[in-house]
Amino acid sequence: MFKNKFLIYLSSMLFLVIVSGCSSKVTEDRICPTVAFVDGLERMTLFRDTNSREASNILFISQFSSLNTKCSFSDDGADLETSFLIKSSMSDIKKDTAVEINYFAAAIAPDGRVLTKENFDLEIPFSQKNTQVTQEQIINPFFPKKTSNNFSGYKLLIGFQLNKRQAAFNLRHRR
């Protein structure tokens, strides 16, 4: 009797091990790319007089903030829904004015290569009553799957399209 119970118990355990072994799948790591603003390109400052870099000479400032990312995976790769704010201010507005700015989003490989880069144009409307404008931007980059959904080391970098002088100013005057 004891032998029969032991054999039933042993065969049940063996059956469970076999069934669970058949149903288990090796799960792959799902790691999203890192998303960040580029240091030195996260702020745009325009001056009235291009020769003076004094605070009293600033005409326009625009700054990235509030970066949020949602990452989802499909059989083809990783979709990133990336949102952020662009906060802009302008001084001495005498009439309704629109300022056009450009920013970019670049997909970077772990070795530092730029895989793709997309430029975006944005118009910022100012008036005498509205000297500070906040605009939400949403971009949806896609990282194609090569071998796995492990995008460790991959980056999505966002920055303003600045000239060398503007970037140098930002790096000297970090906040």
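Everything discussed here concerns the structure shown above.
The rules we used
- Residues numbered from 1 in each chain as written.
- Predicted model: local features only at pLDDT ≥ 70, side-chain atom pairs only at ≥ 80, totals over all residues.
- Heavy atoms only, no water.
- Phe/Tyr/Trp six-rings, centres within 6.5 Å; stacked < 30°, edge-to-face > 60°.
- Helix = DSSP H or I, 4+ residues; strand = E, 2+ residues; numbered from the N terminus.
- Lys NZ or Arg CZ within 6 Å of the ring centre and 35° of its normal.
- Buried < 20%, exposed > 50% of the residue type's maximum accessible area, 1.4 Å probe, protein only.
- Arc of directions from axis to C-beta.
- Contact = heavy atoms within 4.5 Å.
- Polar contact = N/O pair within 3.5 Å; in protein donor to acceptor, adjacent residues only side chain to side chain.
- Disulfide = S-S within 2.5 Å.
- Core = buried A, V, L, I, M, F, W, Y, C linked by side-chain atoms within 4.5 Å.
- Pairing = 2+ DSSP bridges.
- Axes fitted to C-alpha atoms, helices over the stretch in contact; angles between N-to-C directions.

## A word on the packing of aromatic side chains
Part 1 of the argument: Within the structure shown, the criterion is met by 13 aromatic pairs.
Part 2 of the argument: Here phenylalanine 64 and tyrosine 103 contribute two aromatic rings whose centre-to-centre distance is 6.0 Å and whose plane-to-plane angle is 80°, an arrangement assigned as edge-to-face. Of this pair, phenylalanine 64 sits in strand β3 (residues 58-73) while tyrosine 103 sits in strand β5 (residues 97-108), and the two are 39 residues apart along the sequence.
Part 3 of the argument: An aromatic cluster is defined as three or more aromatic residues linked by ring pairs; in this entry it consists of Phe37, Phe64, Phe84, Tyr103, Phe120 and Phe160.
Part 4 of the argument: In this structure, lysine 117 is placed above the aromatic ring of phenylalanine 104, and the distance from its NZ or CZ to the ring centre is 4.9 Å.

## What about helix α2 (residues 164-172)?
Part 1 of the argument: If you check which residues of α2 are buried, you get Gln166, Ala167, Phe169 and Asn170. Seen end-on, α2 carries its buried residues on one side only, within an arc spanning 160°. Opposite its buried face, α2 presents the exposed residues Lys164 and Arg172, each directed more than 90 degrees away.
Part 2 of the argument: Next to the buried residues of α2 lie β2 (43-47).
Part 3 of the argument: N-capping of α2 is provided by asparagine 163, with a side-chain oxygen placed 3.1 Å from the backbone N of arginine 165.

## Side note on the state of the cysteines
Part 1 of the argument: Applying the stated criterion across every chain, the model contains 1 disulfide.
Part 2 of the argument: Through a disulfide, cysteine 32 is tied to cysteine 71; the S-S separation comes to 2.0 Å. Note on the cysteine 32 and cysteine 71 pair: the S-S dihedral is about -105°, so by sign convention the disulfide is left-handed. With cysteine 32 in the loop between α1 (2-23) and β1 (34-37) and cysteine 71 in strand β3, the pair connects residues that are 39 residues apart, well separated along the chain.
Part 3 of the argument: For cysteine 32, a relative accessible area of 29% gives the class partly exposed.
Part 4 of the argument: For cysteine 71, a relative accessible area of 27% corresponds to the partly exposed category.

## Section: the nonpolar core
Part 1 of the argument: Among the nonpolar cores identified, the biggest contains 33 residues, and Ile101 and Tyr103 are the most heavily contacted of them.
Part 2 of the argument: A total of 8 residues in this core trace back to one element, the largest contributor, which is β5.
Part 3 of the argument: Sequence-distant contacts of isoleucine 101, that is, excluding residues within four places in its chain, are made with Met44, Phe60, Ser62, Ile86, Phe120, Asp121, Leu122, Ile124 and Phe160.

## Describing the side chain of serine 62
Part 1 of the argument: Along the chain, serine 62 falls in strand β3.
Part 2 of the argument: Classification of serine 62 as buried rests on a relative accessible area of 0%.
Part 3 of the argument: Here the side chain of serine 62 touches serine 88 through a polar contact of 2.7 Å, side chain to side chain.
Part 4 of the argument: Residue contacts for serine 62: discarding those within four places in its chain leaves Glu42, Arg43, Met44, Ile86, Lys87, Ser88, Ile101, Ile124 and Phe160.

## Side note on the sheet that holds β1
Part 1 of the argument: Ordered in space as β1-β9-β5-β6, the 4 strands form an open sheet in which the pairing is mixed. Among the strands making up the open sheet, the edge pair consists of β1 and β6 (114-126). This sheet shows a mean twist of 20° between the axes of neighbouring strands, independent of strand direction.
Part 2 of the argument: Sheet analysis places β5 next to strand β9 (residues 155-160), joined by 6 bridges and oriented antiparallel. Counterpart to phenylalanine 104 in the pairing with β9 is glycine 159.

## As for the pairing of β5
Part 1 of the argument: Relative to β6, β5 runs antiparallel, the two being bridged by 12 bridges. Across the sheet, alanine 106 pairs through a bridge with lysine 117, a residue of β6.
Part 2 of the argument: Count of turn residues in the β5/β6 antiparallel hairpin: 5 residues, of which glycine 112 carries a positive phi of about 95°.

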